[in-house]
Amino acid sequence: LRLRYCALDEFDSTPSKFLARMNEAETQAAILLGIDDPHIHDLAADFSKPCVMINCHDRRMRLPTVAPDHKNIGAFASHFLFEMGHRRVMNIMCLRRYTMELRLAGIKEAWERQNQNFKDDRDLLTINSFSAKEAEEKVGAWLDMTEKSMLPTAFLASGDFIAAGIINALKKRNIRVPQDVSVMSIDGFNLAAIEDVPLTAVHVPRDELGTEAVHMLQQRLVRPDATVGALLLYGKLVIRESVRRIRPGKEPTPIKGDGLYD
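These notes cover the structure that comes with them. Every value quoted in this text rests on a predicted model; they were computed, and no experiment measured them.

1. Here we look at the packing of helix 1 (residues 15-22) against helix 2 (residues 38-46)
In contact at an axis separation of 10 Å, helix 1 and helix 2 are set at 25 degrees when each is read in the N-to-C sense. Comparing the axis directions of helix 1 and helix 2 gives the class roughly parallel. Helix 2 is crossed by helix 1, and the crossing has right-handed handedness. Residues Pro15, Phe18 and Leu19 of helix 1 pack against Ile40, Leu43 and Ala44 of helix 2.

Here it is, written out as structure tokens:
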């Protein structure tokens, strides 16, 4: 089966551009990448050529989608920090997309399972972008207003660049990672392994999204009337050096990735 795929992302997502690409004679199918515009979803659902979505979803449930399981990924990351003994965790998040809201919902669910009371004004710091610079500025300002005795034992960042900004803000105030404060990321690709302090992170699937979307699209071409649904992919925990275990009544000790769950 030979196909010409039309891949559209959030930077090429006006209805007119979508229609122009879809009306090209050689285009047999489309993959929509991170497009939240419901008008595009309506056009795709009504078009005669099959469409599959990546990391977005059609709220009217007409288009198949493959996405990271954002809610469970957020819960998984928080649960790991609780397992490591952390109870005072500051979450730094950009909530511009619904996917990040799903992660936050998962984080709050993990807190509830631990009988912890999540308070937005105490446990959440929101920023407007995923940039390291903004994260550094926002976290730095928050640190300057917070007494040392009230500092969290860990920061959970919703992306690698945000985590890098957090670490920079901590370093400038002589707060060591992970000796004084742990930092964990949900992303785990761009910077996690190359930071001065390699980041413990939950890897969000990326290449797998494309692979599964192509398979899903091929199935739609063979079975156009098949049931429409969503395929959610799990994340993967990668343990590095930025998170330390806290044991009640003892000094924190560094953790090792090998054998942790043997």
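Let us keep going from here.
2. Details of the pattern of salt bridges
Under the criterion given, the structure shown has twelve salt bridges. Taking the shortest distance from any N to any O, the salt bridge between glutamate 109 and lysine 71 comes out at 3.4 Å. Of this pair, glutamate 109 sits in helix 4 (residues 98-113) while lysine 71 sits in helix 3 (residues 70-83), and the two are 38 residues apart along the sequence. Given the relative accessible area of 22%, glutamate 109 is considered partly exposed. Linked through salt bridges whose partners overlap, the residues forming this network are Asp42, Asp58, Arg60 and Arg62.

3. Regarding helix 4
The end-to-end C-alpha separation of helix 4 is 23 Å, in line with the 22 Å expected for 16 residues at 1.5 Å each. Residues of helix 4 that are buried make contact with helix 3, strand 5 (89-94), helix 5 (120-123), strand 6 (124-127), strand 7 (154-157) and strand 8 (182-187). Looking one or two residues past helix 4, asparagine 115 carries a phi angle of roughly 60 degrees, positive in sign.

4. Focus: the sheet that holds strand 11 (residues 236-238)
Within a sheet, neighbouring strands are paired by backbone hydrogen bonds and run either parallel or antiparallel to one another. The strand order across the open sheet formed by six strands is 6-5-7-8-9-11, and the pairing between neighbours is mixed. Edge positions in the open sheet fall to strand 6 and strand 11, since each of these has one partner strand only. Taking the axes of each pair of neighbouring strands and ignoring which way they run, one obtains an average angle of 20 degrees across the sheet. The strands that helix 3 touches are strand 5, strand 7, strand 8, strand 9 (200-203) and strand 11; relative to strand 8, the one it contacts most, it runs at about 160 degrees. Against the sheet, helix 7 (residues 160-172) contacts strand 5, strand 6, strand 7 and strand 8, and its axis sits at roughly 165 degrees relative to strand 8.

5. Brief notes about the pairing of strand 3 (residues 51-54)
Taking every second residue as pointing to the same face, both faces of strand 3 are buried, with Cys51 and Met53 on one and Val52 and Ile54 on the other. Between strand 2 (residues 29-33) and its parallel partner strand 3, the chain crosses via helix 2, and the hand of that crossover is right-handed. In the sheet, strand 3 pairs with strand 4 (residues 65-68) via two bridges, with the strands oriented parallel. Residue pairing across strands places isoleucine 54 opposite valine 66, the latter belonging to strand 4.

6. Some points on the side chain of histidine 41
Mapped onto the elements, histidine 41 comes out in helix 2. The buried category is assigned to histidine 41, whose relative accessible area is 3%. Residues in contact with histidine 41, not counting those within four places in the same chain, are Ile35, Asp36, Met53, His57, Asp58, Arg62 and Leu63.

7. As for the packing of aromatic side chains
By the definition in use, this model includes three aromatic pairs. Arranged with centres 4.9 Å apart and planes meeting at 75 degrees, the rings of tryptophan 111 and phenylalanine 118 form a pair that is edge-to-face. As far as burial versus exposure is concerned, tryptophan 111 and phenylalanine 118 are alike and both buried. Seen from their ring centres, tryptophan 142 and phenylalanine 155 are 6.1 Å apart, and the 85 degrees between their planes marks the pair as edge-to-face. Of the two residues, tryptophan 142 is situated in helix 6 (residues 132-145) and phenylalanine 155 in strand 7; the sequence distance between them amounts to 13 residues. Here the two residues tryptophan 142 and phenylalanine 155 agree in accessibility, since each one is buried. Of the aromatic side chains, those joined through ring pairs into one cluster are Phe82, Trp111 and Phe118. Geometry around tyrosine 98 places arginine 59 over its ring, the cationic atom sitting 5.8 Å from the centre.

8. Observations regarding the environment of aspartate 69
Take aspartate 69: it is sitting in the loop between strand 4 and helix 3. Aspartate 69 gets classed as buried once you look at its relative accessible area, which sits at 10%. Taking the C-alpha atoms as reference, aspartate 69 lies 5.6 Å from tyrosine 234; in sequence the two are 165 residues apart.

Conventions adopted
Residues numbered from 1 in each chain as written. Predicted model: local features only at pLDDT ≥ 70, side-chain atom pairs only at ≥ 80, totals over all residues. Heavy atoms only, no water. Axes fitted to C-alpha atoms, helices over the stretch in contact; angles between N-to-C directions. Helix = DSSP H or I, 4+ residues; strand = E, 2+ residues; numbered from the N terminus. Parallel < 35°, antiparallel > 145°, perpendicular 65-115°, else oblique. Left-handed = near helix turned anticlockwise from the far one by under 90°. Contact = heavy atoms within 4.5 Å. Salt bridge = Lys/Arg side-chain N within 4 Å of Asp/Glu carboxyl O. Buried < 20%, exposed > 50% of the residue type's maximum accessible area, 1.4 Å probe, protein only. Expected span 1.5 Å × (residues − 1). Pairing = 2+ DSSP bridges. Right-handed = clockwise from strand over helix to strand, strands pointing away. Phe/Tyr/Trp six-rings, centres within 6.5 Å; stacked < 30°, edge-to-face > 60°. Lys NZ or Arg CZ within 6 Å of the ring centre and 35° of its normal.

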